[in-house]
Amino acid sequence: MKKFLSILGTNSDYSTNRILLQFIQKHFADQAEIEIFEIKHLPAFNKPEDKTAPEEVQKLADKIREADGVIISSPEYNHSVPAILKSALEWLSYTNQALIDKPVMLTGASYGRLGSSRAQSHLRQMLDAPELKARIMPSSEFLIGYSLQAFDDNGTLKDPQKIEELEQIFNDFIHFVDITNQLVNANETHQKQAANFSWETN
């Protein structure tokens, strides 16, 4: 059984993205062990001179490395991702590069009609940065619009078509993880490039 880490990309106490990840965790329990990681306890990024990650950031990095793949679920704030998620990615890129070559699936729920489409587009750009360089599953946007009305009292998606769409994307992600990890094991180029990359000289 696959082991996935899902990252909640917000520090909000109430979040429909948290509800979405909890639904994914429960709905696919027979296919994967999925842990939800809250980033709200991470400190704001502050470039350390020795590139040492704070304890909570290192904990996240270790969990990413142990996972077969990562699921990131983010709302959309001002056409982009929340500052706390960008900060978490900056910690990872500067201190340990834990996301390099890691298979990633993106999801998102937002109160508006478009879901988190623009945030996901921005997130894809960020995850392609030299010291992140995650392997993002292509053509796989999963968006929940009007998310306050999307779940019932038990946290289950109301729309059967959205559930079917999510099941297809999750099944694709299972295969994407297998293929990606085979390629990564055969090619360590990105790890070597990251080891030689410097924010100060690039």
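All of the points below concern the structure found in this document.

How each quantity is defined
Residue positions are given per chain, counting from 1 as you read along its sequence in written order. Only residues with pLDDT of at least 70 are given local features in this predicted model, and only at 80 or more are side-chain atom pairs given and counted; all residues enter the totals for whole chains, interfaces and linings. To get the side-chain values, take all heavy atoms of the structure and skip hydrogens and water. A helix here means a DSSP run of H or I that spans at least four residues, while a strand means a run of E at least two residues long, and both kinds are numbered starting from the N terminus. Under the scheme applied here, a residue whose accessible area is under 20% of the maximum for its type counts as buried, over 50% as exposed, and between as partly exposed, the area being computed with a 1.4 Å probe on protein chains only. Throughout this description, the term salt bridge denotes a Lys or Arg side-chain nitrogen within 4 Å of a carboxyl oxygen of Asp or Glu. The criterion for an aromatic pair is that two Phe, Tyr or Trp rings (for Trp, the six-membered ring) have centres within 6.5 Å, with stacked assigned to planes under 30 degrees apart, edge-to-face to planes over 60 apart and tilted to the rest. The distinction between a cavity and a pocket rests on a 1 Å grid over the protein atoms alone: a 1.4 Å probe fits inside a cavity but cannot get out, while a pocket stays open yet meets protein on both sides within 12 Å along at least five of seven lines, and a residue with an atom within 4 Å of a point counts as lining. Grid points are joined across faces, edges and corners, and a volume is the space filled by probe spheres set on the points. Residue polarity follows a fixed list, in which Ala, Val, Leu, Ile, Met, Phe, Trp, Tyr, Cys and Pro are nonpolar, Asp, Glu, Lys and Arg are charged, and the others, Gly among them, are polar.

Some remarks on unusual backbone geometry
Next up, step 1: Even without being a glycine, His79 presents a positive backbone phi close to 70 degrees.
Next up, step 2: Along the chain, His79 falls in the loop between β3 (69–73) and α3 (83–95).
Next up, step 3: Its identity as a non-glycine residue notwithstanding, Lys133 has a phi of 45 degrees, on the positive side.
Next up, step 4: Its place among the elements puts Lys133 in the loop between α4 (117–127) and β5 (135–136).
Next up, step 5: Overall, the relative accessible area of 25% leaves Lys133 in the partly exposed class.

Observations concerning the pattern of salt bridges
Next up, step 1: Inspection of every chain in the model, using the stated rule, returns 10 salt bridges.
Next up, step 2: In this structure, Asp13 engages Lys40 in a salt bridge whose closest nitrogen and oxygen atoms are separated by 3.8 Å. Linking Asp13 in the loop between β1 (2–8) and α1 (16–27) with Lys40 in the loop between β2 (32–38) and α2 (55–66), this pair joins segments that are 27 residues apart in sequence.
Next up, step 3: Classification of Lys40 by relative accessible area gives partly exposed; the value is 31%.
Next up, step 4: Where Glu165 meets Lys162, a salt bridge forms, and the shortest distance between an N and an O atom there is 3.0 Å. With Glu165 and Lys162 both in helix α5 (residues 160–186) and three residues apart, the pair spans about one turn of that helix.

Points about the packing of aromatic side chains
Next up, step 1: Inspection of the entire model under this criterion finds six aromatic pairs.
Next up, step 2: Ring geometry for Phe28 and Phe170: centres 3.9 Å apart, planes at 10 degrees, overall stacked. Of this pair, Phe28 sits in the loop between α1 and β2 while Phe170 sits in helix α5; the two residues are 142 residues apart in sequence, bridging distant segments of the chain. Considered together, Phe28 and Phe170 belong to a single accessibility category, that of buried residues.
Next up, step 3: Ring geometry for Phe45 and Trp91: centres 5.0 Å apart, planes at 80 degrees, overall edge-to-face. Pair noted here: Phe45 is in the loop between β2 and α2 and Trp91 is in helix α3, with a separation of 46 residues, a long-range link.

Observations regarding empty space enclosed by the protein
Next up, step 1: Enumeration according to the criterion identifies two cavities of 30 Å³ or more in this entry.
Next up, step 2: Computed from the structure, the largest cavity encloses a volume of approximately 60 Å³.
Next up, step 3: As for the largest cavity, its lining consists of Lys3, Phe4, Leu5, Glu33, Glu35, Lys63, Glu66 and Ala67.
Next up, step 4: Broken down by element, the residue count for the lining of the largest cavity peaks at three residues, all from β1.
Next up, step 5: Broken down by class, the residue content of the lining of the largest cavity amounts to three nonpolar, no polar and five charged.
Next up, step 6: If you trace the second largest cavity, you find it lined by Ile7, Ile39, Leu60, Ile72, Leu85, Ala88, Leu89 and Leu92.
Next up, step 7: The dominant element in the lining of the second largest cavity, judged by the number of residues it contributes, is α3, at four residues.
Next up, step 8: Classifying every residue of the lining of the second largest cavity by side-chain character gives eight nonpolar, no polar and no charged.

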